[in-house]
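The chain contents come next:
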Amino acid sequence: MGTQAPEAHRRDARDGSTAVAELLDGHPAVRDGQWLYLVLPRSMHAVRVPLDQEAGAPWRSVLAGYPSLRDARLSRPEADPWGVTLVVGHRCNLSCVYCFSEVGHSTATLEADRMMAVVDHTLERRPSAQNKLFGVNFFGGEPTLAMSDIEKVVAHTERMCAAKKVAPYFTMVTNGTAPREALQYLVDHRFTLTVSMDAAPERQGGQRIYGKRHNVDQTIDTIRFLADAGVPYRVRSTVTGETVHHMGETVEFFAGLGADFIHFEPVGPVGTTTPGRLSRYSEPSAEDYAENLLHAMDVARGIDVSVFSYAFQHLLSSPPRSYCGPMSGGDSYHVLNATGELIMCPEMQDPARNKQYGHNVGRATDRNVVFVDLVRKDEIGHSALPSQHQSCQTCYARDICDSGCPSRNIQATGSLTKLDRYSCAVAKRVCADVLRRLAVETFDAVKPTAEPLVKPIALPRELCSAPLVGSAVDILQRAKVVFALTRERLDPAVDTEIARLRRLGTIR
């Protein structure tokens, strides 16, 4: 019956059945009702087998006729990360009780010249011709408190990219309190924005404090403004013990403001909250978070909203060669802290902690000279690879969570080579259900048959976030080419799903 792995169960909100996920012959598989499904996200196909035939492993004969599916050859390796994240400053006009940044501990800010020096250094180190975009992400603290410096960096980046015939791609994480003229500038320069707001005002008032008032009116106005402007953005909700049981309600609230892409994550293991507040504002239990995330997906499905989470971020990715951004090592992506140090992750801004972990890997001097310790960066990048975690190799979620977030791993365990048990528990619970959703959506309108059947995966609406839609279309387009070359039969549903996802992409 193939390689067995730990199982995960979840009650299906729609039909009351219980889904069971595992690894069979190296492929993620899920049982649901009378069916066994092998789900191959990296090939965007799934196989359905009657459960009473499982002992004969009939999926093997089916996949033998589709070597491109069996070997997951359809997903393309993602381009090597190329760009910079600039922690513009540690200052913020909010006082969030769980904040991971140095807000409240540091007022450090970056000069525009230092930011431009790191931009120039990284632009010169394009990793391959496959990289068509150069990414610049502004982070904080609250980056819009330094708009004059940001505008200088944007103008400089646009000039330099034009000279090199590549396109700049600007992103920002903001709390949404910027004045309208600043937001209009970001829209005009085609920024993709992540607006950080956790829940409806009555739920989040105690954890995201604006001055001496619990006032989120400006953030609400920002979300409405971006929705009306039709620009790409997402709402990012940090979930605490205070808000975890209201995640479905949170989806409805943001949808009512015009948002259609909501990113949930539990509060991190390290933050600035005081001990007296920990019980309410620290991370919820893994079980509570996972179950309420799945409930939020069910709510989102009914109102045409997409939900995203790190637990399944790599659902449609090719086999990982490295971790995200600077965690991959190399000289083509850098994070510049507000202190002028190059660090491994923007969510690890504390200079003392980075020194403790050995994650200070360079600096931009006050003379605008950039030094990078590439040996140390590569050591860290190698240590963070999912292949280092042997316990992941027999898990059905291994290619979906990719061993979790390396920054969370080291903050929770003190080591990049040890898994954060909390994140692991969440991923197993959530990924089992995601596999079920893919299988049920794919075969929902397909007549029952006693024969094994292979179909192109149909992404359920609640999983049609911008990153997953783009990856799915790319994989299905490659399927058409590969199937033509190998003379494997192409299901007409491939074109149907491509067309549906393209319509979603246009709307979004």
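Q: Could you clarify how one ought to interpret the overall build of the protein chain in this entry?
A: Looking only at helices and strands, the protein chain features 17 helices and 19 strands. Sorting the 508 residues of the protein chain into buried and exposed places 56% on the buried side. Counted over contacts in the protein chain with a minimum sequence separation of 6, partners at least 24 positions apart contribute 71%. Accessible surface computed for the protein chain: about 20,700 Å², of which carbon and sulfur atoms make up 50%.

Q: I keep staring at the pattern of salt bridges and nothing clicks. Help me out?
A: When the charged atoms of two side chains with opposite charge come close together, those side chains can pair. All chains considered together, the criterion is met by 25 salt bridges. Among the salt bridges present, the one from Lys164 reaches Glu124, with a minimum N-O distance of 3.0 Å. Residue Lys164 is found in helix H4 (residues 147-164), and its partner Glu124 is found in the loop between helix H3 (112-123) and strand E8 (133-139); the two are separated by 40 residues along the sequence. When its relative accessible area of 32% is taken as the criterion, Lys164 is described as partly exposed. Glu379 serves as the salt-bridge partner of Arg376, at 3.3 Å between the closest nitrogen and oxygen. Taken together, the residues Arg376 and Glu379, both in helix H12 (residues 374-383) and three residues apart, mark about one turn of the helix. Within this structure, Asp298, Arg301, Asp433, Arg436, Arg437, Glu441 and Glu462 form a network of salt bridges that share partners.

Q: Looking at this structure, I do not really get helix H7 (residues 217-229). What am I missing?
A: For an α-helix, 3.6 residues make a turn, and residues three or four places apart therefore share a direction. Taking 1.5 Å per residue as the helical rise, H7 with its 13 residues ought to reach 18 Å, and the 18 Å between its terminal C-alpha atoms agrees with that figure. Turning to H7, its buried residues are Thr219, Ile220, Thr222, Ile223, Phe225 and Leu226. In the stretch just after H7, Gly230 is the one whose phi turns positive, near 70°.

Q: Is there a simple way to explain the pairing of strand E10 (residues 192-196) in this structure?
A: In summary, the side chains of a regular strand alternate between the two faces of the sheet. The buried fraction of E10 amounts to five of the five residues, a majority that puts the element mostly inside the structure. The side-chain alternation of E10 yields two buried faces, one formed by Thr192, Thr194 and Ser196 and the other by Leu193 and Val195. Bridging between strand E9 (residues 167-174) and E10 involves four bridges; their strand directions are parallel. Paired with Val173 across the bridge in E10 is Thr194. Taking the sense of rotation as the criterion, the β-α-β connection linking E9, helix H5 (residues 180-188) and E10 turns out right-handed. Where E10 and strand E12 (residues 233-239) come together, four bridges link them in parallel fashion.

Q: What should I look at first to understand the nonpolar core in this one?
A: Among soluble globular proteins, nonpolar side chains are generally buried collectively. Judged by nonpolar contacts, the single largest core of 140 residues is most densely connected at Phe138, Phe264 and Val430. Here this core takes eleven residues from helix H15 (residues 421-443), the largest share from any one element. For Phe264, the residues in contact, after removing those within four places along its chain, are Ser237, Val239, Met247, Thr250, Val251, Tyr289, Leu293, Ala296, Val307, Phe308 and Ser309.

Q: Would you take a moment to explain unusual backbone geometry for this structure?
A: Trans peptide bonds make up most of the peptide bonds, and negative phi angles are found at most residues other than glycine. Following Gly140, the chain continues to Gly141 via a peptide bond in cis, the omega torsion being 20°. Inspection of the secondary structure puts Gly141 in the loop between E8 and H4. In this structure, Arg487 takes a positive phi of about 60° despite not being glycine. By the element assignment, Arg487 lies in the loop between helix H16 (466-486) and helix H17 (493-507). For Arg487, a relative accessible area of 80% gives the class exposed.

Q: How should I be thinking about the packing of helix H8 (residues 247-256) against helix H10 (residues 286-302) in this particular structure?
A: Packed helices, taken two at a time, are described by their axes: the angle between them and the distance between them. Relative to each other, H8 and H10 sit at 35°, their axes nearing to 7 Å. Between H8 and H10 the crossing geometry is right-handed. Of the residues in H10, those touching H8 at Met247, Gly248, Val251 and Glu252 are Tyr289, Asn292, Leu293, His295, Ala296, Val299 and Ala300.

Q: So what exactly am I meant to see when it comes to the pairing of E9 here?
A: Pairing analysis gives six bridges linking E8 to E9, with the strands arranged parallel. Pairing of Phe134 across the sheet is with Pro168, part of E9. Between the parallel pair E8 and E9, the chain is carried across by H4, and the sense of this crossover is right-handed.

Q: Would you mind going over the sheet that holds strand E6 (residues 83-87) with me for this structure?
A: Within a beta sheet, neighbouring strands are joined by backbone hydrogen bonds and run either parallel or antiparallel to one another. The sheet built from eleven strands is open, its strands ordered E14-E13-E12-E10-E9-E8-E6-E15-E16-E17-E18 with mixed pairing. Because the sheet does not close on itself, it has two edges, and the strands there are strand E14 (306-308) and strand E18 (370-372). This sheet shows a mean twist of 25° between the axes of neighbouring strands, independent of strand direction. Looking at chain direction, E6 and strand E15 (residues 333-336) are connected through four bridges and run parallel.

Q: Sorry, what's going on with the side chain of Thr365 here?
A: Turning to its location among the elements, Thr365 is positioned in the loop between strand E17 (360-364) and E18. What makes Thr365 buried here is its relative accessible area of 15%. Filtering out sequence-adjacent residues up to four positions away, Thr365 remains in contact with Arg114 and Phe371.

Q: I tried to follow the confidence of the model for the protein chain on my own but got confused; where do I start?
A: Any residue range with low pLDDT should be treated as having predicted coordinates unsuitable for detailed reading. When the pLDDT values of the protein chain are averaged, the result is 87; 90% of them are 70 or greater. In this model, residues 1-16 is a region of pLDDT below 50 whose contacts with residues beyond four sequence positions or in other chains number 58 contacts. Segment residues 273-277: pLDDT under 50, and six contacts once partners within four positions in sequence are set aside and those in other chains are kept.

Q: When you look at the packing of H10 against H15 in this model, what are you seeing that I'm missing?
A: Running from amino to carboxyl end, H10 crosses H15 at an angle of 25°, the nearest separation of the two axes being 8 Å. Put simply, H10 runs roughly parallel to H15. Considering only the axes of H10 and H15, their crossing is right-handed. Contacts between H10 and H15 involve Ala286, Tyr289, Ala290, Glu291, Leu293, Leu294, Met297, Asp298 and Arg301 from the former and Tyr422, Ala425, Val426, Arg429, Val430, Asp433, Val434, Arg437 and Glu441 from the latter.

Q: Mind showing me how you'd approach the packing of aromatic side chains here?
A: What describes a pair of aromatic rings is the distance from one ring centre to the other and the angle between the planes of the rings. Across all of its chains, the model carries eight aromatic pairs by this definition. Ring plane angle 25° and centroid distance 5.9 Å describe the contact between Phe138 and Phe191, whose orientation is recorded as stacked. In this pair, Phe138 is assigned in strand E8 and Phe191 in the loop between H5 and E10, connecting sequence segments 53 residues apart. Here Phe138 matches Phe191 in class, with each residue buried. Chaining the aromatic ring pairs together yields one cluster made of Phe138, Phe170 and Phe191. The side chain of Arg48 reaches across the aromatic face of Trp35, ending 4.1 Å from its centre.

Rules used in this analysis
- Residues numbered from 1 in each chain as written.
- Predicted model: local features only at pLDDT ≥ 70, side-chain atom pairs only at ≥ 80, totals over all residues.
- Heavy atoms only, no water.
- Helix = DSSP H or I, 4+ residues; strand = E, 2+ residues; numbered from the N terminus.
- Buried < 20%, exposed > 50% of the residue type's maximum accessible area, 1.4 Å probe, protein only.
- Contact = heavy atoms within 4.5 Å.
- Areas by Shrake-Rupley, 256 points an atom, 1.4 Å probe, with all protein chains shown as cover.
- Salt bridge = Lys/Arg side-chain N within 4 Å of Asp/Glu carboxyl O.
- Expected span 1.5 Å × (residues − 1).
- Pairing = 2+ DSSP bridges.
- Right-handed = clockwise from strand over helix to strand, strands pointing away.
- Core = buried A, V, L, I, M, F, W, Y, C linked by side-chain atoms within 4.5 Å.
- Axes fitted to C-alpha atoms, helices over the stretch in contact; angles between N-to-C directions.
- Left-handed = near helix turned anticlockwise from the far one by under 90°.
- pLDDT = per-residue confidence, 0-100.
- Parallel < 35°, antiparallel > 145°, perpendicular 65-115°, else oblique.
- Phe/Tyr/Trp six-rings, centres within 6.5 Å; stacked < 30°, edge-to-face > 60°.
- Lys NZ or Arg CZ within 6 Å of the ring centre and 35° of its normal.

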